[in-house]
Amino acid sequence: MTRDLGIFAGVILTVAVLSAATLTDVPAAEDAPRSAVLQAQTEAQRIAAGKRLYVQNCMHCHGLNMVNPGNVTFDLREFPRDEKARFVESVTRGKNNMPPWRDVLSADEIDALWAYVRAGGQS
Amino acid sequence: MEATICHLTPYNALSPPSAEAGFRCGRTGMKIAVWAAGLALLAPLAASAQTAAELASGETSSVLTYGMGYHQQRYSPLEQINKNTVKRLVPVWNYSFDDNRSEESQPLVYKGVIYVTTHNATMAVDARTGNQIWKTKVNYAAATPRIVCCGIINRGAAIFDGKLFRTTLDANVIALDAKSGKELWRQNAGDIKLGYSMTMAPLVAAGVVVTGVSGAEFGTRGYIDGWEAETGNHLWRTYTVPGPGEPGHDTWAGDTWKYGGGTTWITGSFDPQLNTVYWGTGNPAPFNTAVRPGDNLHTCSVLALDPQTGSIKWHFQFSPNSPFDYDSVAEMLLATIEVNGVPTKVILHADRNGFFYVLDRTNGKLIGANPYVQMNWASGIDLETGRPIETDVARKARAGELVTVWPSILGGKNWPPMSYNPRTGLAYANTLNFASNYQAVPADYKAGQWYLGMDMAAGWTFPDGPRGYLKAIDPMTGKSKWEAPSDLPRFSGTMTTAGGLVFTGGYDGELQAFDADTGDKLWKFKTGSGIEGQPITWEQDGVQYVAVTTGLGGVYTLFSGDTRLASVPAGGSLWAFALAPQ
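Residues numbered from 1 in each chain as written. Chains lettered and ligands numbered in written order. Predicted model: local features only at pLDDT ≥ 70, side-chain atom pairs only at ≥ 80, totals over all residues. Heavy atoms only, no water.

Caption draft 1: Focus on the environment of Val209(B). All names here are of chain B. For Val209, the location among the structural elements is in strand β12 (residues 208-212). Judged by relative accessible area, Val209 falls into the buried class, the value being 0%. For the pair formed by Val209 and His234, sequence separation is 25 residues and the distance between their alpha carbons is 9.6 Å. Those residues in contact with Val209 that sit more than four places away from it in its chain are Phe165, Pro202, Leu203, Val204, Asp225, Gly226, Trp227 and Ala229. (Helix = DSSP H or I, 4+ residues; strand = E, 2+ residues; numbered from the N terminus. Buried < 20%, exposed > 50% of the residue type's maximum accessible area, 1.4 Å probe, protein only. Contact = heavy atoms within 4.5 Å.)

Following this line, the structure appears as C-alpha cells:
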C-alpha cells in the first residue's frame, strides 16, 4: 500500500511539475479520461469518454448531467446540434464567460465532448 | 521635513480600545509645535485612515470588517428600522456592477463611502447617493475560472490605515488606496496552475492582513497567510495540512498530505483581548476516503492562531476523515453566553456536517454539539472526544457503496453567514434541507484539474416542499425557536438588529425582514436577481441604512440542477434602503 501510494504520488508530482513548467506546451498527460478518448471506437464510447471529460472539466460551471438554469453559464442542452465549429471554437479559445481550453484539451477530446453535448448530456 | 516623520501609527490592538487614540509621533524629542504642524498636514490622511481601535469598536456609523465586527455576529444595535417601522423601508438607490456573475460580497462602510467588490472590480460608492467615486478593475487570465469550483465571485474587502485589501480569483492579494482606488501593492499567494484561487475577504488582525485560499476540489493543500499591511511583505504561512515534522502529519498516509485540501476560503474572526484569530478549514481532498486513511488534520477544523506569527494555539476537528465535503470554513461567530450560569467566551459554529457547535474559545474545549438539521451520517457527538458517532451511512460511504446522506455535500448550512442577536440569544441561519446521493469513485489527480473522487452525476435527493429554512437556533440545543421555510433554499447571509429584525435574501430576488422573536415576515422587496449577498446596516446623518448585493450564480445555481432558477435573471448590483418619511 505504501509503495503504491509512493508511485502514485510520484506520478502526481511529475504531472504537477510538467504542468507548472509551461501551461501551453505540455501535451495532455496520459490519464483515464484521455485513454477513454483514444480507445473509443463507437459513438457510444465517444459519448462515454466525453462524459468523463465533462465531469472533470466542465461540470462545475455547466451543471450535473448538463442541467443548469442557463442564466449565468450556457445551458448546453440548448446548444445547436449542427454548430460543431462554433462549439469547438468556444471551447478552444473561450467566449464571454467561457475560459479557453486549448492548452488542456486535445482536438480528440473536444470531439468527444461534442459527442456528449450532442447526446444531450446522456451516456 | 522633520515634521513628516510624525505619522499615523496603527493603534495597538492588544490594548483596550479606550486606552489611547490612534495618533502617535514617531520621534519623542520633537517640539510640540512641529508635532502639531505635522498633525495639521496629516488631517486629510486621518480622515481616510482606519485604526485598529476603530476596527474593534463596533460603532454604528461604519461597517469596517467582514461579519460587522471582529466577532462576526452581524448584529447591529440600531433601532430606527424596527418591527413597527420596517413597513416604510424603501430603496434609496441602486448601483449596477455591470457584471452577470454571483455577487456574494459584503460591503464595507467608512465615513459615508461604501467599498464593495466583484470578481472583476473594486468600487467605492457614495453611501448617501449611490454615486460611484471610483472603480478599479481586476484583470485575471481568461483561463482562471477553470480552477474555480463554485462560482466566479469575491466576498469582500478589508480596510485598515487608509488602504483596502482584497483577494483576486487568480490568487493575488492586493492593497488599494481607499481614496483613489490606486493599487499600492500586490502579492501572489498561490498558483492557479495547481488549482489555487482566492475569493474570501481578508481579515486585518493586530495590523496583519490575514488571507486564506480556495481550491480543495483541485487537490490543493490549504494554508493561511499573514501580510504586512503597509508593504505587503509576507510575514508567515501556516499550512492547515501539516507537513513532515509538524503536529498532525501522522494523520495522513504517504504523500496524500500534499494534495490534502483543507482550504481556508472564508474569513476568520478575531478576539483582540485574547489576541487570537479563529479560522475554519475546508474538506479533505479527494472526497474518496480510501485515498487518505487517517483523521486528516487539520481539515474540517477550526484553528486558533496568533495573528503576528500564524502559530497554532489550539485546534478542534469537527469531522475527522470526512467523506462528505463537510467544510468547516463557515463563520466562527464569537459571543459571550451563559453556560451553566457562567458567562463564557464561546465560538458558535453551524457546521456543514449538520451539528451546531459551542466551543470555549479560550481553549478549544467542546461545550455543546447538537443537530440543527436532518441528518443520518452520525447519531451524535461524543462530548468527551468531540468526535462524531458515525452511523452505517458513513461506514457504507467509506466502503464505496451508494448512500443517500443527510445533509447533502452542500451541508446543513453552506458558507452564507448566520447572525447572532444578544437580545434574543438566538442564531439566525439559512439552513439546507436536502440530501446527496453519494458514491466514492477513483480520483485521477492531474494538476489544476477537478480532483473529487465522488460520482457527482448521482445527484441529489430533494424532499417535496421546502429545500431550505431560515432558522432561529438556540445555540445550546440546536433546536429552532421558529423556522421560515423556502422552496428555493436561501443562499444569502443573515443580519439581525436591536430593532428586533432579521434580514436575509432569497433566490427569487427578495430581500426580506423577519420578526426576530416570531419569524413573521414583516417586509420584502424584489431586487431583480437572486440574492447570494450579505446584508449590512449602518447609520449616517441620523438615517439608518440597509444594503445588500444581488446577483445569482453561486454553488447552488451551478450544481443543483434546479431549473426553476431559469426564471431568475442574472445581473449584479448593490441596493441601499432607508425609511420613507411618515
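Caption draft 2: Up close: the pattern of salt bridges. All names here are of chain B. Per the counting criterion, the structure on display carries 28 salt bridges over all chains. Arg395 is paired through a salt bridge with Asp392; the nearest N and O atoms lie 3.2 Å apart. Taken as a pair, Arg395 and Asp392 lie in helix α3 (residues 392-398) at a separation of 3 residues, close to a single helical turn. Judged by relative accessible area, Arg395 falls into the partly exposed class, the value being 46%. Classification of Asp392 as partly exposed rests on a relative accessible area of 47%. Bridged by salt links that share partners, the residues Lys83, Asp515 and Asp517 form one connected network. (Salt bridge = Lys/Arg side-chain N within 4 Å of Asp/Glu carboxyl O.)

Caption draft 3: The sheet that holds strand β25 (residues 403-405) of chain B, seen in detail. Residue and element names in this part refer to chain B. Ordered by their spatial adjacency, 3 strands build an open sheet running β25-β28-β29, and the pairing between neighbours is antiparallel. Two strands bound the open sheet, and with one partner strand each, they are β25 and β29 (460-461). Taken together, the 3 bridges between β25 and strand β28 (residues 435-438) define a ladder with antiparallel strand orientation. Bridging from a neighbouring strand, Val403 pairs with Tyr438 of β28. (Pairing = 2+ DSSP bridges.)

Caption draft 4: Up close: the interface of chain A and chain B. With 40 residues of chain A at the interface, the matching set in chain B holds 41 residues. Roughly 3500 Å² is buried in total at the junction of chain A and chain B, and carbon and sulfur atoms are behind 63% of that figure. Taken together, the connections running from chain A to chain B amount to 1 salt bridge. Here Arg146(B) makes a salt bridge to Asp103(A), at a shortest N to O gap of 2.9 Å. Along the contact surface separating chain A from chain B lie 8 residue pairs in polar contact (both at pLDDT 80 or more). Looking at the side of chain A that touches chain B, the elements with two or more residues in it are α1 (2-21), α2 (32-39), α3 (43-57) and α4 (59-62) of chain A. Take the side of chain A that touches chain B: its biggest share by element is 9 residues, from α1(A). Residue composition of the side of chain A that touches chain B, grouped by class: 25 nonpolar, 10 polar and 5 charged. (Buried area = accessible area lost by both parts, 1.4 Å probe. Polar contact = N/O pair within 3.5 Å; in protein donor to acceptor, adjacent residues only side chain to side chain. Nonpolar A, V, L, I, M, F, W, Y, C, P; charged D, E, K, R; others polar.)

Caption draft 5: Up close: the packing of α3(A) against helix α6 (residues 107-118) of chain A. Residues and elements named next belong to chain A. One can describe the packing of α3 onto α6 by two numbers: an axis separation of 7 Å at closest approach and a directional angle of 100 degrees. Considering their axes alone, α3 and α6 lie roughly perpendicular with respect to each other. Facing α3, whose interface residues are Glu43, Arg46, Ile47, Ala49, Gly50, Lys51, Leu53 and Tyr54, α6 presents Glu109, Asp111, Ala112, Leu113, Ala115 and Tyr116. Residues of the contact of α3 with α6, tallied by class, amount to 8 nonpolar, 1 polar and 5 charged. (Axes fitted to C-alpha atoms, helices over the stretch in contact; angles between N-to-C directions. Parallel < 35°, antiparallel > 145°, perpendicular 65-115°, else oblique.)

Caption draft 6: Quick look at the state of the cysteines. Under the defined criterion, the tally for this structure stands at 1 disulfide over all chains. Linked covalently through their sulfurs, Cys149(B) and Cys150(B) form a disulfide whose S-S length is 2.1 Å. On the sign convention where negative means left-handed, the S-S torsion of about -105 degrees between Cys149(B) and Cys150(B) marks this disulfide as left-handed. Of all cysteine sulfurs, the one in Cys61(A) lies closest to Cys58(A), which takes part in no disulfide; the gap is 8.9 Å. On the basis of relative accessibility, which here comes to 14%, the residue Cys58(A) falls in the buried class. You can see Cys300(B) has no disulfide; the closest cysteine sulfur is in Cys149(B), sitting 14 Å from it. (Disulfide = S-S within 2.5 Å.)

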